[in-house]
Amino acid sequence: MNALAIFLGMVGPWQIGLIVVVILLLFGGKKIPEMMRGLGSGIKEFKDASKDEDAPHKSDETIEEKKS
């Protein structure tokens, strides 16, 4: 067994609950939604950037196909 499988095998409902309580104590109830909004907008920007990066390659391929 590798170390990751051993670590993931030990995480149960009590450990997840403890992690949630520690996060609430560290950041507070009002700060967590702000952090999640920031995370969501970051993921959205990443997806948009990856789509924009793929678009020129596809248009280059179609232009080359039309020329031949």
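The preceding data block contains the structure.
As the structure is a prediction and not an experimental result, all values here were calculated from the model.

Enquirer: It is not clear to me how the overall build of the chain should be interpreted in this structure. Could you clarify?
Expert: Scanning the chain from terminus to terminus reveals three helices and zero strands. Within the chain, the fraction of its 68 residues that count as buried is 3%. Of the roughly 6,500 Å² that the chain leaves accessible, carbon and sulfur atoms contribute 68%.

Enquirer: So what exactly am I meant to see when it comes to the pattern of salt bridges here?
Expert: Side chains that differ in sign of charge can pair as their charged atoms come close. The final tally for this structure, using the stated rule, is one salt bridge. One salt bridge connects Lys31 with Glu34, and the closest N-O pair in it is separated by 3.7 Å. Here Glu34 and Lys31 lie together in helix 3 (residues 31-67), a separation of three residues that amounts to about one turn. On the basis of relative accessibility, which here comes to 42%, the residue Lys31 falls in the partly exposed class. The partly exposed category is assigned to Glu34, whose relative accessible area is 44%.

Enquirer: Looking at this model, I keep getting lost on helix 2 (residues 13-27). Mind explaining?
Expert: Side chains that are three or four residues apart share a direction in an α-helix, a result of its 3.6 residues per turn. Its 15 residues place the ends of helix 2 21 Å apart at the C-alpha level, agreeing with the 21 Å of an ideal helix rising 1.5 Å per residue. Just downstream of helix 2, Gly28 is the residue with a positive phi angle, here 85°.

Enquirer: Where do I start with a negative patch on the surface in this structure?
Expert: Residues Glu45, Asp48, Asp52 and Glu53 make up a contiguous surface patch of negative charge. Assignment of secondary structure puts Glu53 in helix 3. When its relative accessible area of 56% is taken as the criterion, Glu53 is described as exposed.

Enquirer: Can you help me understand a nonpolar patch on the surface in this one?
Expert: On the surface, a nonpolar cluster with roughly 580 Å² of combined accessible area is contributed by Leu18, Ile19, Val22, Ile23, Leu26 and Phe27. Position of Leu18 among the secondary structure elements: in helix 2. We classify Leu18 as exposed; its relative accessible area is 55%.

Parameters at a glance
Residues numbered from 1 in each chain as written. Predicted model: local features only at pLDDT ≥ 70, side-chain atom pairs only at ≥ 80, totals over all residues. Heavy atoms only, no water. Helix = DSSP H or I, 4+ residues; strand = E, 2+ residues; numbered from the N terminus. Buried < 20%, exposed > 50% of the residue type's maximum accessible area, 1.4 Å probe, protein only. Areas by Shrake-Rupley, 256 points an atom, 1.4 Å probe, with all protein chains shown as cover. Salt bridge = Lys/Arg side-chain N within 4 Å of Asp/Glu carboxyl O. Expected span 1.5 Å × (residues − 1). Patch = residues over 30% accessible without salt bridge, like charges linked within 9 Å, V, L, I, M, F, W, Y side chains within 5 Å. Lys, Arg positive; Asp, Glu negative; His and termini not counted. Charge placed at Lys NZ, Arg CZ, Asp CG, Glu CD.

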